[in-house]
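# Residue-level structure breakdown
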Amino acid sequence: ADDVAPDPGHLPRPAALTAGCGLVAASVLVLLILALRDILGDQGMEEFAGLGRSEVVPAIIVLAVFIGGVYGAMGVLALLTYLGYARPRVWLLSLTVVSIISTESGRVTTDAELGTVLGGYLALAVNVLILLLLTSQATRTWSRRTAQERRRTRRTRRRGLPPAGTEPEPDPVPPAAGDRT
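Residues numbered from 1 in each chain as written. Predicted model: local features only at pLDDT ≥ 70, side-chain atom pairs only at ≥ 80, totals over all residues. Heavy atoms only, no water.

Together, Leu79, Leu83 and Tyr85 make up a nonpolar patch on the protein surface, roughly 270 Å² of accessible area in all. For Tyr85, the location among the structural elements is in the loop between α3 (53-83) and α4 (86-109). The exposure class of Tyr85 is partly exposed, given its relative accessible area of 34%. (Patch = residues over 30% accessible without salt bridge, like charges linked within 9 Å, V, L, I, M, F, W, Y side chains within 5 Å. Areas by Shrake-Rupley, 256 points an atom, 1.4 Å probe, with all protein chains shown as cover. Salt bridge = Lys/Arg side-chain N within 4 Å of Asp/Glu carboxyl O. Helix = DSSP H or I, 4+ residues; strand = E, 2+ residues; numbered from the N terminus. Buried < 20%, exposed > 50% of the residue type's maximum accessible area, 1.4 Å probe, protein only.)

Okay, the nonpolar core next. One finds Leu17, Val24, Val28, Leu92 and Leu134 to be the most contacted residues of the largest nonpolar core, which totals 19 residues. Elements supplying a minimum of two residues to this core: α1 (15-40), α3, α4 and α5 (122-134). Once residues lying within four places of it in the same chain are set aside, the contact partners of Leu17 are Thr81, Tyr82, Leu134, Thr139 and Trp142. (Core = buried A, V, L, I, M, F, W, Y, C linked by side-chain atoms within 4.5 Å. Contact = heavy atoms within 4.5 Å.)

We now examine the pattern of salt bridges. Where charged atoms from two side chains of opposite charge come close, those side chains can pair. One pass over the full model with this rule turns up one salt bridge. For Glu149, the salt bridge is made with Arg152, and the minimal N-O distance between the two is 2.7 Å. Of the two residues, Glu149 and Arg152 both sit in helix α6 (residues 137-159), three residues apart, roughly one turn of that helix. The class of Glu149 is buried, set by a relative accessible area of 17%.

So this is what it looks like as structure tokens:
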């Protein structure tokens, strides 16, 4: 393996990163649909959560805002990770770990059957696969180098220098014929 990294701007995006971000997007979409089905479904919140009729509408609104916020954050973090930002990848990994813990605690503490998405191992398997894909060597290296290149470009822009790898513009006035300087 060579110790000198190629130009980070020209590194190909790893397939593991693309697959991981796509899996996050797909799981967010599926979980959002399932959450909406549970919230708006036939089974009333009174029966589901043991709430009184006057408490149902505020509980649904709070639950919808919370679920939308968490899944929206995961979607935005997946997009930023796909674009090459390093910190959102770490936050996405953290949210995935929280999702694993909440899935398992929901399976253990409720009467969810193994055939359901909440109680089954499908959600756990998807979350573990996301963790594996987003922590692969290629993904970590690409994310780190892309972030370093982005910082380097931002610093040179602040200094007023042309970005690395570009030639300065030639002087529009050619030197005089006898000028040797």
